[in-house]
Amino acid sequence: MDDIILQTKNLSKSFKTSSGIINAVRDVNLKIRRGECYGLVGESGCGKSTLSSLIACLQKPDSGTVEFNSTDIFSLSGKELKDLRKKLQIIFQDPYSSLNPQKKIVSILREPLVIHKIEKSKHRQLQMINEMRTLTGLPPDVLEKYPSQLSGGQRQRIAIASSMILHPEFLILDESVSSLDILIQAQILNILKLLQKNLKMTFLFISHNLNVVAYMADRIGVMKDGQIIEEADTETLISNPVHPYTQKLLNAADLNYFPK
């Protein structure tokens, strides 16, 4: 039997707008296995980010459930919800807005350790910070800098380090490299693959770019109009796409750009 770490059941979310109701997520049933990278791909506006915010328990659904380690996350509160935040982290698209501009990087990376009361010793906390800094390929002097003093690639590495310093079981990456130039994208993707392998984590990797998703993912789900319309392991989906929309995405992608 597959070791399922996260499962959604008939998950739906809609929003009222001036032009009517938008069904952002519609009856999504999704299973993600422990230790895999599940890629979610689709055009902007298809519901990917809404789905990620539901899975991260940042929004409540209209109906349906999200089960993490067989527990309905929307039934959690207080300490249980805080414990979930430690195990399930999310990295957003914009690395700058997610970092406190008034804090030095060392303080930003220490904050999750303080919130979750990990290693009261500041010396040990600094050791953990430096271990994650090294894993994400950042130089020692970055710790005494402010976010505004860093490049976009460095800020994204800080966002990754901040999420991973707690060694979460599950990490959602929502368009986390789309704002970076091609060279930095490739560097960040390779760092993520290395971290996933070393830390034995599970990823939900979300992007509009099928090329990037194909490089990262073990399995891929294709999302359109709030629904997952096709799902398969990466090689099968790339070599034998069934849905016309998936075929359209493949025709638009340069799958040689990030070779396996």
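The coordinates are above.
Each chain has its residues counted from 1, following the order in which its sequence is written. Reporting in this predicted model follows two pLDDT cut-offs: at least 70 for local features of residues, and 80 or more for side-chain atom pairs to be given and counted; totals over whole chains, interfaces and linings ignore these cut-offs and use all residues. Computation of side-chain values covers all heavy atoms of the structure but excludes hydrogens and water.

Asks: Before we move on, can you summarise the pattern of salt bridges with the specific residues and values?
Replies: What counts as a salt bridge is simple: a side-chain nitrogen of Lys or Arg found within 4 Å of a carboxyl oxygen of Asp or Glu. If you walk through the whole model with that rule in mind, you get 14 salt bridges. Here Glu 43 ties to Lys 248 by a salt bridge, and the two come within 3.6 Å at their closest N and O atoms. On the criterion of sequence distance, the pair formed by Glu 43 in the loop between β3 (37–41) and α1 (48–55) and Lys 248 in helix α9 (residues 244–252) is long-range, its members being 205 residues apart. For Glu 43, a relative accessible area of 36% puts it in the partly exposed group. Buried residues are those whose accessible area, probed at 1.4 Å on protein chains only, stays under 20% of the maximum for their type, while exposed residues exceed 50% and partly exposed ones sit between those limits. A relative accessible area of 46% means that Lys 248 is categorised as partly exposed. Two residues, Lys 48 and Glu 175, come together in a salt bridge whose shortest N-O distance is 3.9 Å. Under the scheme used here, helices are H or I runs from DSSP no shorter than 4 residues and strands are E runs no shorter than 2 residues, and both carry numbers assigned from the N terminus.

Asks: With reference to specific residues and values, describe the packing of helix α3 (residues 105–115) against helix α5 (residues 152–164).
Replies: For any two helices packed against each other, one specifies the crossing angle of their axes together with the interaxial distance. All axes are obtained by fitting lines to C-alpha atoms, using only the stretch in contact for helices, and the reported angles, taken between N-to-C directions, cover 0 to 180 degrees. Contact pair α3 / α5: the axes reach a minimum separation of 8 Å and the direction vectors enclose 25°. By the angle between their directions, the pair α3 and α5 is classed as roughly parallel. Viewed along their axes, α3 and α5 form a crossing whose handedness is right-handed. Packed against α3, whose contacting residues are Ile 105, Ile 108, Leu 109 and Pro 112, the element α5 presents Ile 158, Ala 161 and Ser 162 at the interface. For this scheme, ten residues count as nonpolar: Ala, Val, Leu, Ile, Met, Phe, Trp, Tyr, Cys and Pro. Four count as charged, namely Asp, Glu, Lys and Arg, and the remainder, Gly too, count as polar. Residues of the contact of α3 with α5, tallied by class, amount to six nonpolar, one polar and no charged. Orientation is classified from the angle alone, with under 35 degrees giving roughly parallel, over 145 giving roughly antiparallel, 65 to 115 giving roughly perpendicular, and any other angle giving oblique. Helix crossings get a hand from a simple test, with the near helix turned counterclockwise from the far one by less than a right angle marking a left-handed crossing and a clockwise turn marking a right-handed one. Contact definition: two residues touch when any of their heavy atoms are within 4.5 Å.

Asks: Describe the packing of α5 against helix α6 (residues 182–199), and please don't skip the residues or the numbers.
Replies: Closest axis-to-axis distance for the α5/α6 pair is 10 Å, and the angle between their directions is 15°. Relative to α6, α5 is oriented roughly parallel. Pair α5 / α6 crosses with right-handed handedness. Within the contact between the two elements, α5 uses Gly 153, Arg 157, Ile 160 and Met 164 and α6 uses Ile 184, Gln 187, Ile 188, Ile 191, Leu 192, Leu 195 and Leu 199. When its residues are assigned to classes, the contact of α5 with α6 shows eight nonpolar, two polar and one charged.

Asks: Can you explain the nonpolar core? Please cite residues and give values.
Replies: In a soluble, globular protein the nonpolar side chains are often hidden away together inside. Grouped together as the largest cluster of nonpolar side chains are 49 residues, with contacts concentrated most on Met 164, Leu 192, Phe 203 and Phe 205. Apart from residues no more than four positions distant in its own chain, Met 164 is found in contact with Met 132, Leu 171, Leu 192, Leu 195, Leu 199, Met 201 and Phe 203. Only buried residues count toward a nonpolar core. Its members are Ala, Val, Leu, Ile, Met, Phe, Trp, Tyr and Cys residues joined through side-chain atoms within 4.5 Å. In this structure, Cys 57, Val 66, Leu 84 and Ile 90 belong to the second largest nonpolar core, which totals 28 residues.

Asks: I'd love a proper account of the side chain of Ser 163, names of residues and values included.
Replies: Within the secondary structure, Ser 163 is located in helix α5. A relative accessible area of 6% means that Ser 163 is categorised as buried. Leave out the neighbours within four places in its chain, and Ser 163 touches Gln 89, Ile 90, Ile 91, Pro 168 and Leu 171.

Asks: Explain α1 residue by residue, including any values.
Replies: In terms of burial, α1 is largely enclosed, as seven of its eight residues are buried. Among the residues making up α1, those that are buried are Lys 48, Thr 50, Leu 51, Ser 52, Ser 53, Leu 54 and Ile 55. Looking at the residues trailing α1, positive phi occurs at Cys 57, about 60°.

Asks: Tell me about the sheet that holds strand β7 (residues 170–174), residues and numbers included.
Replies: Strands were regarded as paired on the criterion that DSSP finds at least two bridges between them. Strand order across the open sheet formed by six strands is β6-β7-β8-β3-β9-β10, with mixed pairing between neighbours. Because the sheet does not close on itself, it has two edges, and the strands there are β6 (88–91) and β10 (227–233). In this sheet, neighbouring strand axes are inclined to one another by 15° on average, regardless of whether the strands run parallel or antiparallel. Pairing of β6 with β7, which is carried by four bridges, proceeds in the parallel orientation. Along β7, the bridge assignment pairs Ile 90 with Ile 172.

Asks: Go over the pairing of β10 with me, naming the residues and quoting the values.
Replies: When strand β9 (residues 219–224) meets β10, the two strands line up antiparallel, connected through six bridges. Following the sheet pairing, Val 222 is matched in β10 by Glu 230. Linking two consecutive strands that pair antiparallel, namely β9 and β10, is a turn of two residues; a positive phi of about 50° is found at Asp 225 within it.

Spatial relationships are all this shows, so hold off on functional conclusions.
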